[in-house]
Amino acid sequence: MISALFIAILVFLLISVPIAVCLGFSSLVALQVGGYPLITLAQAVYESLDSFSLMAIPFFILAGNLMQTGGMSRRLINLANVLVGWFRGGLGSVSVLTSMFFATISGSSSATTAAVGSTLIPAMEKKGYPKNFATATCAAAGELGVIIPPSIPMVVYGLVANVSIGSLFLAGFIPGLLIGISLVLTIIIVARVKGFDLVNRTSIRQWLIELWRAFTDSFLALIMPIIILGGIYEGVFTPTEASVVAVVYGFIVCMFVYRELKWKDLLPILGKSAVGTSIIMLIVAYASIFGYILTAEEVPQKLGEALAHFSDSPIVFLLLVNIFLFITGTLMEALVSIIIIAPILAPIAVQFGIDPVHFGIIMVVNMAIGMLTPPVAVNLVVACQIANLKMSQLTRPVLLYLAILTVDVLIISYIPAISMWLPSLSK
């Protein structure tokens, strides 16, 4: 039955069947071969979507789209530019810092890449950045959208691995900060070596005036993550309820305070959000039956026994997991990978003494790196569309960023305190 499942999914992938349909059809083939009643498919799909926590996904997507159209992303870019745009490599660093800001309100990597890249890729090119480096920079920075909370992949991991979503959100902050700093340092070094991004320095007084203006202009956008995440951790509302608060807050600020969101914009925003949500929900629904078959055939237990025979060291286990997740991330979309792999590997990680929250962050960071690795490479696709470049033109800068991100994921994997310190304070 398992052989039929993986042969079917491989065949469907090779003939370019959409991933949600691929998961559903391959599961249907496996159920038929295994003699399971086909009604199991409908039952598993319904039960997977009958979840209160899943409602957070459409609302976080809608909130991100409202803020992108309503002027919040532009104000965050202006603030980031004042903060770090005054040194060589500063404009590239602006893309990272803005992505970190936007990550706290979007929960989506591709949305972060699109919001930041559409403005900063042309601006970086005008400042003397090689176009391929500017494009790769925005794609690499965009992955912070799923590492810094709120994060849609963290919501999905929490559901499939039965882990606190609030703890996952807390655990993502410091790893996101670590990755952001490493990307900024890389940009600064490259800018100095290559000699681009010259800056015109201003007086401290003028800089402080510009900083105050940018801060006051973006203040309402900055306090949004404080309201949302603070409300979650103080127990005022759940992560799902927080996503609704994000939509209401974003709508009021963008429509009535900034006045950049128009009534005519609402229908396209709702349509875009509905399409994005439906794609994710289809993947979640059909991946659930895929996971059900793996569980029914005791694949996690068998794989855990095999790994235990191979080595009883958590260090070796994490190394193998990181290699496996890196390869998986290049071939599969992040949410699909999490839904399929988390139920298998999370229980095994617990057997090796690894906290499931820490393991969740390792998975999410690896899947975020996968957004930068072809052939799937969601962030690269979005950034290349904005810059009108081919993926092959980004090879050298992407390899540089992948090397830095690989070091980051190893540090996060082998120093659990980076992920677990903040969650430990909330207990």
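Note: the structure precedes this text.
Residues numbered from 1 in each chain as written. Predicted model: local features only at pLDDT ≥ 70, side-chain atom pairs only at ≥ 80, totals over all residues. Heavy atoms only, no water.

**Some words on the overall build of the chain**
What counts, and what does not: Secondary structure follows DSSP: runs of H or I at least 4 residues long count as helices, runs of E at least 2 residues long count as strands, and numbering of each begins at the N terminus. Atoms counted for the radius of gyration: C-alpha only. Globule rule: 2.2 Å times residue count to the power 0.38. Exposed residues in this analysis have more than 50% of their type's maximum accessible area, buried residues have under 20%, and partly exposed residues fall in between, with area computed by a 1.4 Å probe over protein chains only. Only the protein chains shown count as cover for residues, and the accessible areas themselves come from Shrake-Rupley with a 1.4 Å probe. Counted as positive: Lys and Arg. Counted as negative: Asp and Glu. His and the chain ends are not counted at all. All charge positions are set by atom: Lys at NZ, Arg at CZ, Asp at CG, Glu at CD.
Along its length, the chain carries 20 helices and zero strands. Relative to the compact-globule value of 22 Å for 427 residues, the chain shows a C-alpha radius of gyration of 22 Å, a close match. Taken along its principal axes, the extent of the C-alpha atoms in the chain is 75 × 45 × 45 Å. Taken across its 427 residues, the chain has 55% of its residues classed as buried. Element-wise, carbon and sulfur atoms account for 69% of the exposed surface of the chain, whose accessible area totals about 18400 Å². Charge separation in the chain, taken as the distance between the mean sites of 19 positive and 18 negative side-chain charges, equals 21 Å.

**Some details on a nonpolar patch on the surface**
Applicable threshold: Patch criteria: residues need more than 30% relative accessible area and no salt bridge. Like-charged residues are merged within 9 Å; nonpolar side chains of Val, Leu, Ile, Met, Phe, Trp and Tyr are merged within 5 Å. Note on definitions: salt bridges are taken to be side-chain nitrogens of Lys or Arg within 4 Å of carboxyl oxygens of Asp or Glu.
On the surface, Ile-315, Leu-319, Ile-323, Phe-326, Ile-327, Val-407, Leu-410, Ile-411, Tyr-414 and Ile-415 cluster together into a nonpolar patch covering about 810 Å² of accessible area. Those elements that place two or more of their residues in the nonpolar patch are α15 (314–331) and α19 (395–414). The biggest single contributor to the nonpolar patch is α15, with five residues. By the element assignment, Phe-326 lies in helix α15.

**Some thoughts on the pattern of salt bridges**
Under the defined criterion, the tally for this structure stands at three salt bridges. Close ionic contact of Arg-75 with Asp-217 constitutes a salt bridge, the shortest N to O distance being 3.2 Å. Residue Arg-75 is found in helix α5 (residues 72–84), and its partner Asp-217 is found in helix α11 (residues 204–233); the two are separated by 142 residues along the sequence. Taking the relative accessible area as the measure of exposure, Arg-75 reaches 7% and is therefore buried. By relative accessible area, which is 32% here, Asp-217 ends up partly exposed. With a closest N to O distance of 2.8 Å, Arg-75 and Glu-260 form a salt bridge. Of the two residues, Arg-75 is situated in helix α5 and Glu-260 in the loop between α12 (239–257) and α13 (263–296); the sequence distance between them amounts to 185 residues.

**As for the layout of surface pockets**
Basically, it comes down to this: Within this scheme a cavity is a closed region of a 1 Å grid, computed over the protein atoms alone, that accommodates a 1.4 Å probe without allowing it to escape, whereas a pocket is open but has protein on both sides within 12 Å along at least five of seven lines; lining residues each have an atom within 4 Å of a point. Grid points are joined across faces, edges and corners, and a volume is the space filled by probe spheres set on the points.
By volume, the largest pocket is sized at about 690 Å³. Lining the largest pocket are 35 residues, and of these Ser-108, Ser-110, Ala-111, Ile-280 and Val-378 sit closest to its centre. Considering every element that reaches the lining of the largest pocket, the biggest residue donor is α13, with six residues.

**Overview of helix α20 (residues 417–425)**
The cut-off we apply is this: Only heavy atoms enter the contact rule, under which two residues are in contact if any of them lie within 4.5 Å.
When α20 is considered as a whole, its buried residues turn out to be Ile-418, Ser-419, Met-420 and Pro-423. Buried positions along α20 lie against α10 (165–194), α17 (356–370) and α19.

**Observations concerning unusual backbone geometry**
In this model, Asn-162 sits at a positive phi of 55 degrees, which is unusual for a non-glycine residue. By the element assignment, Asn-162 lies in the loop between α9 (152–161) and α10. The phi torsion at Arg-259 lies on the positive side, around 60 degrees, for a residue other than glycine. Residue Arg-259 is classed as exposed on the basis of its relative accessible area, which comes to 61%.

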